[in-house]
Amino acid sequence: QVQLVESGGGLVQPGGSLRLSCAASGRIVAIKAMGWYRQAPGKQRELVAAITTGANTNYADSVKGRFTISRDYAKNTVYLQMNSLKPEDTAVYYCKVTDTRGWYATEDYWGQGTQVTVSS
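These numbers come from a predicted model, not from an experiment.

A.B. asks: What should I look at first to understand the state of the cysteines in this one?
C.D. replies: What we call a disulfide is simply a covalent bond connecting the sulfur atoms of a pair of cysteines. The final tally for this structure, using the stated rule, is 1 disulfide. Each sulfur of the disulfide joining Cys22 and Cys95 lies 2.1 Å from the other. Judged by the sign of its S-S torsion, about -85°, the cystine formed by Cys22 and Cys95 is left-handed. You can see Cys22 sitting in strand β3 (residues 18-26) and its partner Cys95 sitting in strand β9 (residues 91-100), a full 73 residues away along the chain. Residue Cys22 is classed as buried on the basis of its relative accessible area of 0%.

In C-alpha cells:
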C-alpha cells in the first residue's frame, strides 16, 4: 500500500506563487505516473497536470504556461510549481500516484488534499 503526503498549500494573493509537494511512501513497486488534480467549490475534480515515467507532461489548458509539474524519482516526490495564480485557481489540490501492480496492471493512490486559496 502506498501513502501520499501533500504539503505547500496556503493563501496567496493573485499573481503570487506556491509550490506543492507530494511524497509517496510505503510499498511502492514502480511508479508509472504522478499527477495533480483539483476540485473547486461546486465543481467537479479536474486534472491539473501529470507526469509519466518517461517525463512526458500533460497540463490542463487553464494552467499551461503558469504551472510546472516535476518529479524527483529518488524521493518518490512530485511537485507542482504554480505561478501567476488567479482566483479561479482556488481549490483543494489532490495528488495522485499510479503504481505498478502485477504485469501490466496499475493501482491509483490519492493524497489527502491541500487547500490553495488565491484571494486579495
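On we go from here.
A.B. asks: Any chance you could explain the pattern of salt bridges here in plain terms?
C.D. replies: Scanning the model with the defined rule gives 5 salt bridges in all. Lys64 is the partner of Asp61 in a salt bridge, and the nearest nitrogen-oxygen pair spans 3.1 Å. The exposed category is assigned to Asp61, whose relative accessible area is 65%. The exposure class of Lys64 is partly exposed, given its relative accessible area of 49%. Linking Asp108 and Lys96 is a salt bridge whose minimum nitrogen-to-oxygen distance equals 3.9 Å. With Asp108 in strand β10 (residues 106-110) and Lys96 in strand β9, the pair connects residues that are 12 residues apart, well separated along the chain. Given a relative accessible area of 16%, Lys96 falls into the buried group.

Cut-offs applied
- Residues numbered from 1 in each chain as written.
- Predicted model: local features only at pLDDT ≥ 70, side-chain atom pairs only at ≥ 80, totals over all residues.
- Heavy atoms only, no water.
- Disulfide = S-S within 2.5 Å.
- Helix = DSSP H or I, 4+ residues; strand = E, 2+ residues; numbered from the N terminus.
- Buried < 20%, exposed > 50% of the residue type's maximum accessible area, 1.4 Å probe, protein only.
- Salt bridge = Lys/Arg side-chain N within 4 Å of Asp/Glu carboxyl O.

The analysis is restricted to geometry; functional conclusions fall outside its scope.
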